[in-house]
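Fold and geometry: a report
Okay, here's what each chain looks like letter by letter:
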Amino acid sequence: EYMGADRRYFGMSDDEEEIELAVSLNEEGRVSGVGGGLDYSFRSWQNTISTDKMERLIQQCRNCFVEESFWVPANAPKERKLCGLEKLAMAIFKQHTNGCSDWDPNLSGAEWWVQLRQPHLTSAKHAINFHWDKDEDLVDHCEINVHPHISTVTYLTSTGAPTAVVPFRTQPQYNKFKKQTVSDAILSWPSAGKHIRFDGRFFHGVPSDLYRANDDSEWRVTFLVNVWLNHKPLGVDEILPETIKQFGLLPDVVPINFSTPSEIREMKSTTDWKESRIPFGGLSRDLVLTIRFPGIEAPGTSLHITYDPEDTPKVLKRKLLLRRFVRFLQQKRLKTE
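Below is a summary of the structure that appears in this document. (Residues numbered from 1 in each chain as written. Predicted model: local features only at pLDDT ≥ 70, side-chain atom pairs only at ≥ 80, totals over all residues. Heavy atoms only, no water.)

Moving on, we come to the overall build of the protein chain. Assigned secondary structure in the protein chain consists of six helices and 17 strands. Counting every position in the protein chain, which comprises 337 residues, the buried fraction comes to 49%. Of the contacts formed within the protein chain by residues at least 6 apart in sequence, a portion of 80% connects residues at least 24 apart. Summed over its atoms, the accessible surface of the protein chain is roughly 17,600 Å², and 47% of this surface lies on carbon and sulfur atoms. (Helix = DSSP H or I, 4+ residues; strand = E, 2+ residues; numbered from the N terminus. Buried < 20%, exposed > 50% of the residue type's maximum accessible area, 1.4 Å probe, protein only. Contact = heavy atoms within 4.5 Å. Areas by Shrake-Rupley, 256 points an atom, 1.4 Å probe, with all protein chains shown as cover.)

Here it is, written out as structure tokens:
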């Protein structure tokens, strides 16, 4: 219903005024009008940030950890003085759009933000809930899912649980999910200077099941950039000059180097792996993705996991999952009687 042509969506703005906008999605659920040349596959690079720049970059990120994201337009005027983090975001944007020139610079740009996780937290507090990167305000006002073309993570420290990327997709209508087979997943463990890229439509997060508490005093620090082409997220704005000053953000350029790709190891799942249960589905969170992850630690590594057909990740309703659990307990009791 929503794909393949311009559609006009109506919703209510924060000041209760009706808003109208046109969003065009192609048959793959991406914002349309973008030419070929974009690579959506998972890729990983190591040593992208030099060690002598890392400490200052981490401090800059800690200064602006405010749990909101900012926008850098692709056509930012030269007189607009960018801070160092904005320059880094644009360098990442240019890297991943290199070779694709068929997009509108007036509607494109980089959305950037920072994630921090303290050491010695419980596994639940260390996790980052699974989610889809999307235009959050568009969801709120019009209940339409629009995703960035590409999502990226740059790890600034080497501690913490891995990022998990699962090729499970939403439908354009918010909270609608089409039955789909998920046959693989990615796990990416942090390593200072490591950078990963993946399809912006994919489900991802930092699973608490894979967090291992240790004596490390280092924070888990990541710099996130989403590449948006032909669409600017409604509620994401440029960082204000007074905010840059307030956060003490410097204009220094932090070079990022993509000359060293890192290996992606292949691994097949086994039924011995513990099953993780990831709730999602809007505020009600009435759906659960069941998926198996290996119980290993592989610092700095990226794993591409392939699942056997009989053990692929599955989406279940919470009520069905509860019935399965009750049945399991009943069978267990019968065996002991």
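There is more to say after this.
Attention now goes to the environment of Leu-287. Locating Leu-287 in the fold gives a position in strand S15 (residues 287-292). Of the residues examined, Leu-287 reaches a relative accessible area of 13% and is grouped as buried. Taking C-alpha positions, Leu-287 is 4.6 Å from Lys-317, a pair spaced 30 residues apart along the chain. Ignoring sequence-local partners within four residues, the contact set of Leu-287 consists of Phe-177, Ile-278, Pro-279, Phe-280, Val-315, Leu-316 and Lys-317.

Let us now look at the nonpolar core. If you look at the biggest cluster of nonpolar residues, it comprises 38 residues, and the most contacted ones within it are Leu-57, Cys-61, Leu-85, Trp-112, Phe-223 and Leu-249. Elements supplying a minimum of two residues to this core: helix H1 (51-63), strand S4 (70-73), helix H2 (84-97), strand S5 (109-117), strand S12 (220-228) and helix H5 (241-247). Among the elements that take part in this core, H2 stands out by supplying six residues, more than any other. Discounting chain neighbours no more than four positions away, the residues touching Phe-223 are Cys-61, Leu-85, Leu-88, Ala-89, Ile-92, Trp-112, Trp-113, Val-114, Thr-152, Val-153 and Thr-154. (Core = buried A, V, L, I, M, F, W, Y, C linked by side-chain atoms within 4.5 Å.)

Next up on the list: H1. Between its first and last C-alpha, H1 extends 19 Å over 13 residues, near the 18 Å set by a 1.5 Å rise per residue. Those residues of H1 that sit buried are Met-54, Leu-57, Ile-58, Gln-60 and Cys-61. Against the buried residues of H1 lie H2, S5 and S12. (Expected span 1.5 Å × (residues − 1).)

On to the sheet that holds S5. The sheet built from six strands is open, its strands ordered S3-S10-S7-S12-S5-S4 with antiparallel pairing. Looking at strand neighbours, the two that pair on one side only are strand S3 (43-45) and S4, the edges of this open sheet. The average undirected angle you get between the axes of adjacent strands in this sheet is 20 degrees. Relative to S12, S5 is paired through nine bridges, and the arrangement is antiparallel. Bridging from a neighbouring strand, Glu-111 pairs with Asn-226 of S12. (Pairing = 2+ DSSP bridges. Axes fitted to C-alpha atoms, helices over the stretch in contact; angles between N-to-C directions.)

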